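# Observations on the model geometry
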Amino acid sequence: MNILIVSPVGTHPYTYGHRARVLQLSRMITGLGHQVTLACWPRADSPDYPMMKEYWGEQLIWLDPTLASRTLVGSARRFVHRAVHKSWRYFRSDHAIDDWYDPRLDAIIGNISALQTYDCVIAEYVFMSRALLAFDGKVRKLLDTHDAFSLRTRRFRSGGISEYTWFPLSCRQERKGLKRADAVIAIQSEEADYFRGLGSPPVFEVGHIVEILEYAGEPPDHVISFVGSNNRLNVEGCQWFADRVFPLLASALPSVRWDVVGLIGSAMSHLPSGAKAVGTVESLTEVYRRSSVIINPVQNGSGLAIKTIEALGACRPVVCSQVGARGLDNAIGNGLVVANSPEEMAGEILRLLRDPGLRRSLALRANTFASEWNTRQTNALRAALEDPIAT
């Protein structure tokens, strides 16, 4: 099959969970024997174009709405689009489904569909679902959701953290986006059930596939690591860990060291003695190899905990909050340890740091879990691409 992915985020550098999702999904599709082209409009991202061009070559289409031909009719349509959506935002706190979509993309994507025959098109995120309308009924149209935005909106508002909703949607608006697809891809089971409850088209659960690293033994030092971007949820989770958990660790085990890897390090207001902001790295393999334990202490979030499943694939035990284990219930005990209070989290990390044999056992179980996980996700993706009926 010839498959087009339309995405508002890039794939390189590999420093954010949403980029990892798009890149790994494309690799999964290629691994199934299909050809993939990426049409990227970096609406919600700032990717590195030269890096992406080097990776994708001729299979990259860079979408730039500013280059769309200007006509009187087109200008009028854009004016109406902006007026309608500004009015919506004035009277309501939620977004309309197309608020983040540039209507000039319709003509650009329409030209792409006219010039090249695709068997399937995948839109990344529900707010890009309008791109699917450029393709006729002969093309299979899939929506890779990443997140259940109306569920996220409701939960965060009820928890008093409405500033994290990012793209706040009502159930009605999310349903409108879902129904533009022939089938919907959910990243984890709870969200798959939620979409079905909204009256979605057939839903397939396809989680994030991960790179599997071979077990390379236990590192000699007591190093724990967090890997993440500088989004606010990551920062607040790590600040909570820095203030309330790491002091307990350092008091009980003075040799412990904490590496804060990724863009998050520069966003932290302060790091305790014994912690180090590593910054972005070209490859996470060495980060995992030198870490005895990976942590994910985030206190709020939605979707799938991508950083958690990636660490399990790297043969490292993970200690995380309940939120850090979202979508990964079956991994608990298979490399994943859940701890919520500061004392509980510090205790579980200390138990692992002091027992190399236990770390090895969990690392090997993590390896098995991640391998089986990849098989399930690949089979689910194959069904989503080829089978019009969800199972």
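All of the points below concern the structure found in this document. All figures in this text were calculated on a predicted structure; none of them were measured in a lab.

### Observations concerning the overall build of the chain
Tallying secondary structure elements over the chain gives 14 helices and 13 strands in all. Each of the 391 residues in the chain was classed as buried or not, and the buried ones make up 55%. Taking the intrachain contacts of the chain between residues at least 6 apart in sequence as the baseline, contacts between residues at least 24 apart amount to 68%. Here the chain has roughly 16,600 Å² of accessible surface; of this, 51% comes from carbon and sulfur atoms.

### Examining unusual backbone geometry
Residue P13 is bonded to the preceding H12 through a cis peptide linkage, with omega at -5°. The backbone of Y125 shows a phi angle near 80°, a positive value even though the residue is not glycine. The residue Y125 is located in the loop between β4 (120-124) and β5 (140-144) in this model. Given a relative accessible area of 5%, Y125 falls into the buried group. Even without a glycine there, the phi angle at H146 is positive, about 70°. As for its placement among the helices and strands, H146 is situated in the loop between β5 and α5 (149-158). Classification of H146 by relative accessible area gives buried; the value is 9%.

### Some remarks on the sheet that holds strand β11 (residues 293-296)
The parallel open sheet is built from six strands, whose spatial order is β10-β9-β8-β11-β12-β13. Of all the strands in the sheet, the pair left with one neighbour each is β10 (275-279) and β13 (336-338). Strand-to-strand, the axes of this sheet are offset by a mean angle of 25°, without reference to chain direction. Two strands pair when backbone bridges link them, and strand β9 (residues 257-261) and β10 are joined in this way by four bridges, in the parallel orientation. Each residue of the ladder has a partner; that of D259, found in β10, is K276. This element, helix α13 (residues 342-353), spans β8 (223-227), β11, β12 (318-320) and β13 of the sheet and lies at about 170° to β12.

### Remarks on the pattern of salt bridges
Any two side chains of opposite charge can pair, on the condition that their charged atoms come close. A complete count under the given rule lists 11 salt bridges for this structure. The residue R152 makes a salt bridge to D147 at a minimum N-O spacing of 3.0 Å. Both residues of the pair, R152 and D147, belong to the buried class. A salt bridge links R290 to D259; its shortest N-O distance comes to 3.1 Å. Separated by 31 residues along the polypeptide, R290 in helix α11 (residues 285-290) and D259 in strand β9 bring together distant segments of the chain.

### Focus on helix α1 (residues 17-31)
With 15 residues, α1 extends 21 Å between its outermost C-alpha atoms, agreeing within 8% with the 21 Å of an ideal straight helix rising 1.5 Å per residue. Looking one or two residues past α1, G33 carries a phi angle of roughly 95°, positive in sign.

### Some details on the packing of helix α12 (residues 306-313) against helix α14 (residues 356-386)
Interhelical geometry of α12 versus α14 gives an angle of 115° and a closest axis separation of 7 Å. Counting all contacts with α12, which are made through I309, L312 and G313, the residues of α14 involved are A366, N367, F369, A370 and W373. Considered class by class, the residues forming the contact of α12 with α14 number six nonpolar, two polar and no charged.

### Side note on the side chain of T378
Among the secondary structure elements, T378 is positioned in helix α14. A polar side-chain atom of T378 sits 2.9 Å from the main-chain carbonyl oxygen of N374. Residues in contact with T378, not counting those within four places in the same chain, are M28, L32 and I209.

### Considerations on the pairing of strand β1 (residues 2-7)
Note on strand geometry: in a regular strand, side chains alternate between the two faces of the sheet. Of all six residues that make up β1, six are buried, and the element is covered over most of its length. Side chains N2, L4 and V6 of β1 all project onto a buried face; the interleaved residues I3, I5 and S7 project onto the opposite face, where all are buried too. Across six bridges, β1 lies against strand β2 (residues 35-40) in parallel orientation. The residue bridging S7 from the neighbouring strand is C40, located in β2.

### Here's the deal with the sheet that holds β1
Taken together, seven strands build an open sheet; the order of strands is β3-β2-β1-β4-β5-β6-β7 and the sheet is parallel. Two strands lie at the open edges of the sheet, namely β3 (60-62) and β7 (203-205), each paired on one side alone. For this sheet the average axis-to-axis angle between neighbouring strands, irrespective of direction, equals 20°.

### Looking at the environment of L253
Counting through the fold element by element, L253 comes out in the loop between α9 (246-252) and β9. Look at L253 and you get buried, because its relative accessible area is 12%. In this structure the C-alpha to C-alpha distance between L253 and L350, which are 97 residues apart in sequence, comes to 7.7 Å. Residues within four places of L253 in sequence aside, it is in contact with H222, L350 and L353.

### Thoughts on the nonpolar core
Grouped together as the largest cluster of nonpolar side chains are 64 residues, with contacts concentrated most on V6, I29, F195, L381 and L385. Once you skip the residues sitting within four places of it in the chain, V6 turns out to touch A39, L63, I109, V121, I122, A123, E124, M128 and A131.

### Quick look at the pairing of β4
Most of β4 is tucked away: five of the five residues are buried. Judged by which residues are buried, β4 turns out to be covered on both faces: C120, I122 and E124 on one side and V121 and A123 on the other are all buried. Sheet topology note: the β1/β4 ladder contains four bridges and is parallel. Bridge assignment links L4 to a residue of β4, and that residue is V121. Relative to β5, β4 runs parallel, the two being bridged by five bridges. Paired with I122 across the bridge in β5 is L142.

Conventions used here
Residues numbered from 1 in each chain as written. Predicted model: local features only at pLDDT ≥ 70, side-chain atom pairs only at ≥ 80, totals over all residues. Heavy atoms only, no water. Helix = DSSP H or I, 4+ residues; strand = E, 2+ residues; numbered from the N terminus. Buried < 20%, exposed > 50% of the residue type's maximum accessible area, 1.4 Å probe, protein only. Contact = heavy atoms within 4.5 Å. Areas by Shrake-Rupley, 256 points an atom, 1.4 Å probe, with all protein chains shown as cover. Pairing = 2+ DSSP bridges. Axes fitted to C-alpha atoms, helices over the stretch in contact; angles between N-to-C directions. Salt bridge = Lys/Arg side-chain N within 4 Å of Asp/Glu carboxyl O. Expected span 1.5 Å × (residues − 1). Nonpolar A, V, L, I, M, F, W, Y, C, P; charged D, E, K, R; others polar. Polar contact = N/O pair within 3.5 Å; in protein donor to acceptor, adjacent residues only side chain to side chain. Core = buried A, V, L, I, M, F, W, Y, C linked by side-chain atoms within 4.5 Å.

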